[in-house]
Protein chains: 2
Amino acid sequence: VSTGAATAETLIAGVLAGETRAIAKAISLAETGFDASEAAMAALHPHTGKAHIVGITGVPGSGKSTLVRALTQEFRKAGQRVGIVAVDPSSPYSGGAILGDRVRMADLANDPGVFIRSLATRGALGGLARAAMDAVDVLDAAGFDVVLVETVGVGQDEVDIARAAHTVVVVSAPGLGDGVQAIKAGVLEIADIHAVSKADRPGAGRTASELRAMLELSPAGRAHDGWTVPVLETSAETGTGIDHLAATVGAHLRHLKDSGAFARRRQTILEARVLKTAEDLARTRIERSGVLPDVLARVAAGDLDPRAAAQVLLRGLSDDPG
Amino acid sequence: VSTGAATAETLIAGVLAGETRAIAKAISLAETGFDASEAAMAALHPHTGKAHIVGITGVPGSGKSTLVRALTQEFRKAGQRVGIVAVDPSSPYSGGAILGDRVRMADLANDPGVFIRSLATRGALGGLARAAMDAVDVLDAAGFDVVLVETVGVGQDEVDIARAAHTVVVVSAPGLGDGVQAIKAGVLEIADIHAVSKADRPGAGRTASELRAMLELSPAGRAHDGWTVPVLETSAETGTGIDHLAATVGAHLRHLKDSGAFARRRQTILEARVLKTAEDLARTRIERSGVLPDVLARVAAGDLDPRAAAQVLLRGLSDDPG
């Protein structure tokens with residue numbers, strides 16, 4: 001046990017010193033599960049709260065990963081250290097590698113001022129949102145100035161993860177279906193900044209116009225926290241608009257701080273963080289209690305309906321049997 | 001209270017009789033929340049277990065909705081009654097209507113043998129998976145022979161919802177990005193049937209070949225439950241392959257029953273159902289307890305880390321304070 005405690009202390013010290021191996025290890029613990037990461041995350045939490053958390057979200061094919069890379073290079077030019085958490089919906093066995101998204105990130109991987117980590121969707125295991133938010137805490141505690149959280153802009157958990165940020169960038173691309181992917185993804189109103197990617201391609205201007213027109217119909221989408229939501233055209237290929245996007249991300253944080261909206265935004269992030277953590281803890285304790293097989297057999301036999309079964313599962317949940 | 005009980009009894013009787021208004025009302029209760037729907041769902045549960053639950057999933061733009069419509073028409077020709085639960089990631093304010101997906105369903109809406117309901121992503125409210133599974137139970141109890149559950153094939157909750165089915169159809173379309181949307185969506189291995197939509201368009205054959213090649217690399221994707229996963233080309237526009245897809249969906253159910261795999265599949269569905277319900281109940285009780293604002297204030301002040309806060313929230317969760 002004392003070895004374990006010493007190892008944990010070394011790990012925390014390593015993360016706080018910004019050591020890559022310690023950071024990777026701490027995020028792996030978070031990915032492993034609630035219990036595995038409990039001590040480390042509790043120790044790291046007091047050291048969080050300094051990073052600018054930026055959620056970047058958009059449907060598959062919108063060019064999020066490429067934009068994240070370009071944006072990271074821009075922040076690096078300004079001397080900022082950048083941590084990236086990519087919530088990757090790929091199957092565990094593919095690990096996203098087949099798609100090459102991560103391969104395109106390879107040039108960043110050699111930069112000591114950048115740390116990139118993909119988290120796979122955990123399927124029935126659950127806990128994805130909690131793990132992603134833990135990973136953000138690790139990178140925040142490790143002293144990264146900006147933490148980019150890239151998620152696919154569809155799916156309740158994924159949208160919730162992106163929304164648990166100070167600044168939310170929603171990425172749309174021209175030529176993807178009907179040009180209203182932002183609405184289709186249910187993320188129009190959570191954007192602080194809309195980025196239209198692939199501005200070098202035909203239709204980018206139209207996509208931007210459509211977004212602006214839709215924002216006109218949505219008071220909450222058009223402006224919130226006293227901030228008018230801009231629609232920016234960008235091209236990671238040609239570099240167009242990337243500097244402006246990076247500057248606008250920074251300007252949004254300053255706006256939050258100057259206007260006093262920052263405290264409210266921080267409270268929203270904490271609420272999401274705590275509720276997702278409670279959800280994962282409840283599931284972890286249910287699994288650990290070992291009563292699930294018996295309860296399911298009773299549901300299958302018709303002795304319990306699913307809600308009565310849920311009530312049985314929650315009984316005794318308040319005490320940690322571990 | 002006696003009026004409420006009488007109303008509840010009338011509602012249950014209406015659902016069991018297949019009355020459209022009662023079905024709509026019961027699903028609305030499920031969407032409202034855990035508490036609102038508790039009595040109705042407990043009463044309906046013993047009447048479930050007869051429908052063939054078919055999950056239909058694919059990335060945005062894959063043509064899911066159009067395929068669901070074509071498939072429904074095919075089942076109707078065979079005299080089967082079809083219930084449809086569409087988990088729609090659109091913003092609440094748009095209700096999906098802007099996209100016209102639901103509009104294209106309008107011809108089905110006039111058929112008394114078809115019931116269609118869209119559920120919106122609930123954002124921070126949570127409970128989407130529980131509500132969707134409740135809606136399936138309502139349609140099952142109402143006597144629909146087939147219940148189609150359409151979800152976007154990205155996002156943990158959405159994939160979990162689609163997977164809680166007897167038969168899972170994953171829809172891919174040609175010309176969407178890199179042609180490996182199924183992997184990108186993390187749903188390759190959950191498919192019992194792959195449908196390539198828009199087979200009238202260029203590239204459909206290539207998309208089907210790519211899927212088959214990927215399945216060769218994935219033993220779990222290629223076959224499970226003693227069933228070899230087919231890749232079918234379909235076109236809702238020309239009608240190509242729709243009859244074959246409908247027949248294959250039916251053949252898969254017969255295979256599950258003949259092979260004895262049905263009981264295991266049913267157990268998997270029940271497990272997802274019970275765990276998602278427990279998750280939603282936990283969240284509902286946390287909200288009802290009223291301790292959240294105080295706990296969040298303590299986290300903001302640095303007195304609690306998110307995990308300690310989660311533990312505080314779970315205390316007392318075992319007893320229903322309502």
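Remember, predicted model here, so these are calculated numbers, not experimental data. (Residues numbered from 1 in each chain as written. Chains lettered and ligands numbered in written order. Predicted model: local features only at pLDDT ≥ 70, side-chain atom pairs only at ≥ 80, totals over all residues. Heavy atoms only, no water.)

With that settled, the discussion passes to the overall build of chain A. If you tally the helices and strands in chain A, you get 15 helices and 9 strands. The buried share of chain A, taken over its 322 residues, is 60%. The contacts in chain A between residues at least 6 apart in sequence include a share of 77% that link residues at least 24 apart. Carbon and sulfur atoms provide 54% of the accessible area of chain A, an area that totals close to 12,100 Å². (Helix = DSSP H or I, 4+ residues; strand = E, 2+ residues; numbered from the N terminus. Buried < 20%, exposed > 50% of the residue type's maximum accessible area, 1.4 Å probe, protein only. Contact = heavy atoms within 4.5 Å. Areas by Shrake-Rupley, 256 points an atom, 1.4 Å probe, with all protein chains shown as cover.)

What follows deals with unusual backbone geometry. Residues and elements named next belong to chain A. Unusually for a residue other than glycine, lysine 198 sits at a positive phi of about 55 degrees. With respect to the helices and strands, lysine 198 occurs in the loop between β6 (193–196) and α10 (204–216). A residue is classified by how much of its surface remains accessible, and lysine 198, at 23% relative accessible area, is partly exposed.

What follows covers the packing of aromatic side chains. Applying the stated rule across the entire model yields 0 aromatic pairs over all chains. Note that A:Lys257 overlies the ring of A:Phe262, its terminal NZ or CZ placed 5.1 Å from the centroid. Against the face of A:Phe34 rests B:Arg307, its NZ or CZ located 4.6 Å from the ring centre. (Phe/Tyr/Trp six-rings, centres within 6.5 Å; stacked < 30°, edge-to-face > 60°. Lys NZ or Arg CZ within 6 Å of the ring centre and 35° of its normal.)

In this section: the packing of helix α7 (residues 128–141) of chain A against helix α8 (residues 156–163) of chain A. All names here are of chain A. Running from N to C, α7 and α8 point in directions that differ by 20 degrees, and their axes come no closer than 9 Å. Viewed along their axes, α7 and α8 adopt a mutual orientation that is roughly parallel. Every pair of crossing elements has a handedness; the one defined by α7 and α8 is right-handed. The residues of α8 that touch α7, namely those facing Leu128, Ala129, Ala132 and Met133, are Asp157, Glu158, Asp160 and Ile161. Across the contact of α7 with α8, the residue classes break down as 5 nonpolar, no polar and 3 charged. (Axes fitted to C-alpha atoms, helices over the stretch in contact; angles between N-to-C directions. Parallel < 35°, antiparallel > 145°, perpendicular 65-115°, else oblique. Left-handed = near helix turned anticlockwise from the far one by under 90°. Nonpolar A, V, L, I, M, F, W, Y, C, P; charged D, E, K, R; others polar.)

This part is about the packing of helix α13 (residues 261–289) of chain A against helix α15 (residues 306–314) of chain B. As a packed pair, α13(A) and α15(B) sit with axes 8 Å apart at the nearest point and diverge in direction by 65 degrees. The two elements α13(A) and α15(B) meet at a crossing, and its hand is right-handed. Contacts from A:Arg273, A:Val274, A:Thr277, A:Ala278, A:Leu281, A:Ala282 and A:Arg285 of α13(A) reach α15(B) at B:Pro306, B:Arg307, B:Ala309, B:Ala310, B:Gln311, B:Leu313 and B:Leu314.

Further remarks concern the pairing of strand β6 (residues 193–196) of chain B. All names here are of chain B. Neither face of β6 is exposed, since Ile193 and Ala195 on one face and His194 and Val196 on the opposite face are all buried. Bridge analysis of strand β5 (residues 167–172) against β6 gives 4 bridges, and the strand direction is parallel. Counterpart to valine 169 in the pairing with β6 is isoleucine 193. Where β6 meets strand β9 (residues 231–233), 3 bridges bridge the pair, whose relative direction is parallel. Looking across to β9, one finds that histidine 194 is bridged to valine 231. (Pairing = 2+ DSSP bridges.)

Quick look at the side chain of A:Arg130 now. Within the secondary structure layout, A:Arg130 lies in helix α7. Since its relative accessible area comes to 1%, A:Arg130 is described here as buried. Once residues within four sequence positions are removed from consideration, A:Arg130 is found in contact with A:Ala30, A:Gly33, A:Phe34, A:Ser37, A:Arg273, A:Lys276, A:Thr277, A:Asp280 and B:Arg307.

Counting along an α-helix, one turn takes 3.6 residues, and residues three or four places apart therefore face a common direction. Residue and element names in this part refer to chain A. Along its 14 residues, α7 runs 20 Å from first to last C-alpha, staying within 8% of the 20 Å computed at 1.5 Å per residue. Within α7, 14 of the 14 residues are buried, which leaves it mostly tucked inside the rest of the structure. After α7 finishes, the residue glycine 143 shows a positive phi value of roughly 95 degrees. (Expected span 1.5 Å × (residues − 1).)

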